[in-house]
Each structure stands twice: as C-alpha cells, then as structure tokens.
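What follows is each chain in one-letter form.
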Amino acid sequence: MSVTTVSTDLYSEVTQFYAHQMQALDSGRFEDYAATFTPDGTFQHSPQADPAAGREAIVAELVRFHERFADDPVRRRHWFNHVALTPREDGAFDSTVYALVVTVRPGGKPDISPSCVVHDVLVREEGGVLTRSRLVTHDQVF
Amino acid sequence: MSVTTVSTDLYSEVTQFYAHQMQALDSGRFEDYAATFTPDGTFQHSPQADPAAGREAIVAELVRFHERFADDPVRRRHWFNHVALTPREDGAFDSTVYALVVTVRPGGKPDISPSCVVHDVLVREEGGVLTRSRLVTHDQVF
Amino acid sequence: MSVTTVSTDLYSEVTQFYAHQMQALDSGRFEDYAATFTPDGTFQHSPQADPAAGREAIVAELVRFHERFADDPVRRRHWFNHVALTPREDGAFDSTVYALVVTVRPGGKPDISPSCVVHDVLVREEGGVLTRSRLVTHDQVF
C-alpha cells in the first residue's frame, strides 16, 4: 500500500498557486489574494471567526485584521509544508497543509508562531487553480 | 555544470508521498505510516536506536515512543525541506531531506526542535513510492 | 483570475535544483555551490555586500564568510519556501523565495534566524537550471 497521488501537473499547479497566493498576502496585496478565491469563495482564518464570503468580503476582513499592525513595522510570512491533495467526488480537491507564521520586526529575530493547518477546497478551472473555501485551524487551541 | 535531477513524475510522487506519510505520522495513524514502508522496510529514528524492521515492528516502536506523550496534550508536526533525490545503481533512490519537528502544547508557542536530516532509500513500485529504509540523523549531536 | 504558472517540468527542475544547491552550500561544498551559478553569475548575500561575480569569486566570498565559524562547531541549514517563478522577457525567470537559516550547535536547540527573501534570476540551459544572479534581502532590516 502506498499513498494516493494526484497528477503531476495538478500538483505542480497547486504548489505554484500557493507560492504566489501567499506572497500576495504577505506583501499586502489583498485584492490579488482575494482574486485567488472563487467569486463565492470563503475564507475563515480561525474556527472561531465568521467566514468571509466573496472576494470583497475577504479583502475587507484582511484590511480589518491588519489594522492591528498600523503602527507596528512588521513583516509576516506564511510558510507552508506537506501539501496533501485528495480528490473529492464533486471534482474539487481537499488540500491539507501545515502552516507556520513567521513574524519579524526591525532588528529583531523571527517569531515563529502559531502553527496551523490549512484546510482548503481547491477547484481547477480553465484559468488555473482557485480556492473555493479555506479554514485555518490553530494547533495550540485544543 | 548543474545538478542532476530525476523525472518530473517521480519527483512529484515523492513530494506527495512525504506529505501524506508525515501527516499520517503526526495524526497518530501509525499503521498508515508503517504501510508507507516496504514489507521489510527499516525505520531508525536516530543513529543510536536499533532500527525497527518490518511494518509490525515500526508500529510497535512508534507506540512505544509515543508513550511519553500519554498524559501530555501535545501536537507534533514534522516539517520537510529540500528533498534531494539521487538514483542508485539498484534502481532505488537515495533521498536526503532536511527536517524540523514542530511541537505545540495548549496555549503555548511552537517549539521547533530538533533539526534533523532524513536519509531515505525509496523504491518506486507499481502502486507508488515506498520507503525501504529510513535513518534520521540529529544536527545537535556532533 | 488565478496565478500565472510555469511548466510542470521547469518547476520540478527548479525545486530539485534548489534542494541540491542548498545542500551543497550547507555541507561546505562551496565549489559545487558556485558551479550552480552561470560562469558570470553574481551572488550577493545581503544588499549591503558587494556582489561576488563569477564562480571563483563566489567560492572566495564563501570561504571568507565562513571564517567566523572556524572555531565554532556549527551546522547551518538554509530552508526555502514558496518558490514563485515569473518568466522574464529575456527568456530567463525571476524566482522569489522565502528563506530561513537554521543554526545548530552541539547539544543546543536550533536558532532560526534570520528570515530572508531570495531574489534569483534563473536560466534554463541544456544541462539544466543555473543561477544567473542572486540577491538576498533580510526581513529584519527595514
């Protein structure tokens, strides 16, 4: 018995998709990030949060969330690892991914926290991969 | 001169294999983890340990190792980086991979330690990739 | 709208290239590392540093940099994440990659610092991928 894999092309597209998607988020390009979701896509950055539905709502939630950094010169980088894809019956894909948030302030050392798991449903359309839904769970909450 | 690469399909299969294999381990699905080894596969989680040989012995070793966490609400995630594959003369592949162990307890911050190197011999059979042997070395021991 | 991706084969080659390139660097095989650059390739490990141009100069710069570790039993591992490739008009590729440096000393815990971004220009020639230029920016400097 071994693991189930998806096609090489799909896996490469998803890996590249995540690289660009998360560099857009970390660069503050929230509209580019939102555009990586389907038009009715949902984004829930923690189980307690209400999901933002639709690109406009996703941008609004990101703007709101980042207000806490308004006077805080901070750089944040979302690292991903072990992208595991599983085909769904509806033609989409479940994607389960480890994530760590790296936070750096001027002259400081990186703070690497929290450890999360990203639970995505991805769709592959003509133009490429899009996120239909994203729920992020946090490892220290249990 | 550049580096030697393996086929795109093999590299994608190995990357996906590791994602599922390590998510199985970190979820406590030890039988699924053991099933990613060949029937006579060996698993040696540190150079001092005796290698566990065969799937049953691998499960037993994992159960034994995790007894230390019986009363410790802990989540562990094994991160991998820089999977370097080199073909062997016997048709298998040497795989050398960086690893970090992320450990989280309720309300706490991730502890990221130790830093390791995974030395695998992988085989690619009809059903997919399997681990024939795994030796993990630890960076702080030298 | 989704993200722009490059071909599956190119992306796989680049990923494998980075795995071997950085394992060479971290193993102290500086000539192997320098050989992953084009003959006139440039390597600038921080914006303040002068770029080393050409393989011989790259080796010399690495030897010079590592003198600080002469009496310091240290292991360093450069982790990469989110390799984002964008085609250039000249046929080369811009590659933007997150990087963290993991440093371990005997008996100690990993120090994970600094957080960087690698800005590469990569070329794909008959023999494989090579780095034409590399500039590393540091997140804590801003």
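Residues numbered from 1 in each chain as written. Chains lettered and ligands numbered in written order. Predicted model: local features only at pLDDT ≥ 70, side-chain atom pairs only at ≥ 80, totals over all residues. Heavy atoms only, no water.

The interface is formed by 33 residues belonging to chain B together with 37 residues belonging to chain C. Between chain B and chain C, the buried area comes to about 2800 Å², and carbon and sulfur atoms account for 60% of it. Viewed at the interface, chain C and chain B are joined by 2 salt bridges. Between Lys109 of chain C and Asp111 of chain B there is a salt bridge, and its shortest N-O distance comes to 2.4 Å. Sorting the residues of the side of chain B that touches chain C by element identifies α1 (8-26), β3 (75-87), β4 (93-104) and β5 (111-125) of chain B as the ones contributing at least two each. Among the elements that make up the side of chain B that touches chain C, the one with the highest residue count is β3 of chain B (8 residues). Across the side of chain B that touches chain C, the residue classes tally to 18 nonpolar, 13 polar and 2 charged. (Contact = heavy atoms within 4.5 Å. Buried area = accessible area lost by both parts, 1.4 Å probe. Salt bridge = Lys/Arg side-chain N within 4 Å of Asp/Glu carboxyl O. Helix = DSSP H or I, 4+ residues; strand = E, 2+ residues; numbered from the N terminus. Nonpolar A, V, L, I, M, F, W, Y, C, P; charged D, E, K, R; others polar.)

What follows covers the packing of aromatic side chains. Residues and elements named next belong to chain A. Summed over the entire model, instances satisfying the criterion amount to 18 aromatic pairs over all chains. Aromatic pair Phe65 and Phe69: ring centres 6.2 Å apart, planes at 70°, arrangement edge-to-face. Overall, the relative accessible area of 17% leaves Phe65 in the buried class. For Phe69, a relative accessible area of 16% puts it in the buried group. (Phe/Tyr/Trp six-rings, centres within 6.5 Å; stacked < 30°, edge-to-face > 60°. Buried < 20%, exposed > 50% of the residue type's maximum accessible area, 1.4 Å probe, protein only.)

Taken as rigid bodies, chain B and chain C are interconverted by a rotation of 120° and an axial shift of 0.0 Å, the fit giving an RMSD of 0.0 Å. Interpreted geometrically, this transformation is the action of a three-fold axis. Taken as a fraction of all interface residues of chain B, those also at the interface in chain C reach only 12%, which identifies the copy contact as different-surface. (Least-squares fit on C-alpha atoms with pLDDT ≥ 70 in both.)

So, on to the side chain of Arg77 of chain B. Here Arg77 of chain B is to be found in strand β3. Within polar-contact distance, the side chain of Arg77 of chain B engages the side chain of Asp139 of chain A at 2.7 Å. When neighbours within four sequence positions are excluded, Arg77 of chain B is seen to be in contact with Tyr98, Ser115, Val117 and Asp139 of chain A together with Asp26, Leu100, Val101 and Val102 of chain B. (Polar contact = N/O pair within 3.5 Å; in protein donor to acceptor, adjacent residues only side chain to side chain.)

Before going further, it helps to examine the interface of chain B and chain A. Contacts between chain B and chain A engage 37 residues on the former and 33 residues on the latter. Across the interface of chain B and chain A, roughly 2800 Å² is buried in total on both sides, 60% from carbon and sulfur atoms. Area buried by chain B at its contact with chain A is led by Gln16, Gln23 and Trp79 of chain B, which between them contribute 26% of it. Counting across the interface, chain B meets chain A through 2 salt bridges.

Our focus in this paragraph is helix α3 (residues 55-66) of chain A. Residues and elements named next belong to chain A. With 12 residues, α3 extends 17 Å between its outermost C-alpha atoms, agreeing within 8% with the 16 Å of an ideal straight helix rising 1.5 Å per residue. Those residues of α3 not exposed but buried are Ile58, Val59, Glu61, Leu62 and Phe65. The arc that holds every buried residue of α3, seen down its axis, measures 160°, which confines them to one face. In this structure, the buried side of α3 is in contact with α1 (8-26), α2 (30-34), β1 (37-44), β2 (52-53) and β3 (75-87). (Expected span 1.5 Å × (residues − 1). Arc of directions from axis to C-beta.)

Before going further, it helps to spend a moment on the sheet that holds strand β2 (residues 52-53) of chain B. Within the open sheet, the 6 strands sit side by side as β2-β1-β6-β5-β4-β3 (chain B). Their pairing is mixed. Each of the sheet's edge strands pairs with one partner strand only, and the pair in question is β2 and β3 of chain B. Where β4 of chain B and β5 of chain B come together, 10 bridges link them in antiparallel fashion. Note that in β5 of chain B the partner of Leu100 of chain B across the bridge is Ser115 of chain B. With respect to the sheet, α1 of chain B is in contact with β1 (37-44), β3, β4, β5 and β6 (128-138) of chain B, its orientation differing from that of β3 of chain B by roughly 160°. Of the strands in this sheet, β3 and β4 of chain B touch helix α1 (residues 8-26) of chain C, which is tilted by about 95° from β3 of chain B. (Pairing = 2+ DSSP bridges. Axes fitted to C-alpha atoms, helices over the stretch in contact; angles between N-to-C directions.)

All names here are of chain A. Counting buried positions along strand β5 (residues 111-125) yields 11 of 15 residues, so the element is predominantly enclosed. Where strand β4 (residues 93-104) folds back on β5, the antiparallel hairpin that results is connected by 6 residues, among which Gly107 adopts a positive phi of roughly 75°. Alignment of β5 against strand β6 (residues 128-138), held across 10 bridges, turns out to be antiparallel. Bridging across to β6, Val123 finds its partner in Leu130. The hairpin formed by β5 and β6 contains 2 residues between the paired strands.

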